[in-house]
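# Breakdown of the fold
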Amino acid sequence: MKYFFFVFLLSFISFQAFPQNGLSESFFDGKSVVLVSVDPGARPAMDWKTASDTVHHYLVEAGADPVAYYELEQVVLSEEIRAAYAKAFDQRLVKNIILITRQKNQASIHIGEFSGDGQVISSTSLFGTSGKDLSEAGQLLASSTQNQRSKNLLVIDVPEFPSQVGAQSNTSLATSKFLPRNPLNLEVFKLGIPLEGSSAATGSLSFFRFDLYGKSAETILAEQASQKTQLEAILKSEYPHEFVWLTESQTNEELIRDRVQFLLVRVEGREADLKKSMGLEANSETETETVVKFYIKLIVRDELYIGPEWDADPDWRVALRNFLRNLKK
């Protein structure tokens, strides 16, 4: 497993099409999966499925073959869940990923080739359009490809929303890796701490979440520095064993050679979604709050230890303290 850069600047111009790497030919001759992220505070109110309905005909007009729509937040719940979706995309012979981001003051559509692995996309520098709303972004996308002939002919008229991954065995396998107990031998090996905004953090897909898209490099670096300071204070007071910061891309072999066998992983999402992804019982009607959950990954066996008690919290600092204290049980 490798870790990829999360921090990239998207040089975007409001309300214009802005090709960066250009559209791949596969967009006009291959299946696309659409991942949608919608700010619940944007007005008029619109959930991700309604947003999908809004943009579908524009994507088809632009020449795409959008075969399935998913909520982006569901796909990026964890590295394991993301890999399960990627496997399902590969099984469906998907060639392209379309990312829809709706924020309070703008909406954007980005298109890139499916990477074929658990990262889903290999870069954040994608062809895209941006507008004051989804309709304007969609119209700009359709206009930008009007001179391009598409070979995608048998295209569905309305968006399809497959259940979860569409290949339940993939998510079941990912869920089975989560263990509701503490790991052994933490005192023997180092705990690696990936910093958000670094090459050791979450993959590129999260960049297109409504709450993250458009942040400047300076903002991200400032948040990273603040996060490291706060993380260090909590770890020093609650974690009695050795830990190291991970800010550069390293393979598993390189980490193990440096005696790093454990990774501290942070995930964020709706509480019910996180619980289900980890094989726990959840109540989708009441556990709707967005929370942060930490767990430890044992690299050598690809096992994920979530601890003996559910300790997620909306405040990541509280969630981390809860998790570290539970490690002592």
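Higher on the page you've got the structure.
Each value, and the rule that gives it
Residues numbered from 1 in each chain as written. Predicted model: local features only at pLDDT ≥ 70, side-chain atom pairs only at ≥ 80, totals over all residues. Heavy atoms only, no water. Pairing = 2+ DSSP bridges. Helix = DSSP H or I, 4+ residues; strand = E, 2+ residues; numbered from the N terminus. Buried < 20%, exposed > 50% of the residue type's maximum accessible area, 1.4 Å probe, protein only. Arc of directions from axis to C-beta. Contact = heavy atoms within 4.5 Å. Polar contact = N/O pair within 3.5 Å; in protein donor to acceptor, adjacent residues only side chain to side chain. Salt bridge = Lys/Arg side-chain N within 4 Å of Asp/Glu carboxyl O.

## Quick notes on the sheet that holds strand β9 (residues 260–270)
Strand order in the open sheet made by the six strands is β6-β11-β10-β9-β7-β8, with mixed pairing throughout. Lying at the two open borders of the sheet, with one neighbouring strand each, are β6 (178–179) and β8 (243–246). Where β6 and strand β11 (residues 303–305) come together, two bridges link them in parallel fashion. Note on β11: the bridge partner recorded for Phe178 is Leu304.

## Quick notes on helix α4 (residues 134–144)
Turning to α4, its buried residues are Leu134, Ala137, Gly138, Leu141 and Ala142. Along the axis of α4, the buried residues cluster in a sector spanning 135°; they form a single face. For α4, the secondary structure elements touched by its buried residues are α1 (48–62), β3 (94–102), β4 (107–113) and β5 (127–131). With a side-chain oxygen positioned 3.3 Å from the backbone nitrogen of Ser135, the residue opening α4 is Asp133.

## Regarding the pattern of salt bridges
Counted by the stated rule, this structure contains 18 salt bridges. Here Lys328 ties to Glu238 by a salt bridge, and the two come within 3.4 Å at their closest N and O atoms. Highlighted residues: Lys328 in the segment after α9 (316–326) and Glu238 in helix α6 (residues 217–238), separated in sequence by 90 residues. Judged by its relative accessible area of 52%, Lys328 is exposed. Lys293 is the salt-bridge partner of Asp311, the closest N and O atoms lying 2.9 Å from each other. With Asp311 in the loop between β11 and α9 and Lys293 in strand β10 (residues 290–298), this residue pair connects regions lying 18 residues apart in the sequence. Of the residues examined, Asp311 reaches a relative accessible area of 3% and is grouped as buried. Residues joined by salt bridges that share partners form a network here, namely Glu238, Arg321, Arg325 and Lys328.

## Describing the side chain of Gln103
Relative to the elements of secondary structure, Gln103 occurs in the loop between β3 and β4. Gln103 gets classed as buried once you look at its relative accessible area, which sits at 15%. Of note is the side chain of Gln103, whose polar atom sits 2.9 Å from the backbone oxygen of Phe210. Among all residues touching Gln103, those that are not within four sequence positions of it are Asp39, Ala42, Phe210 and Tyr213.

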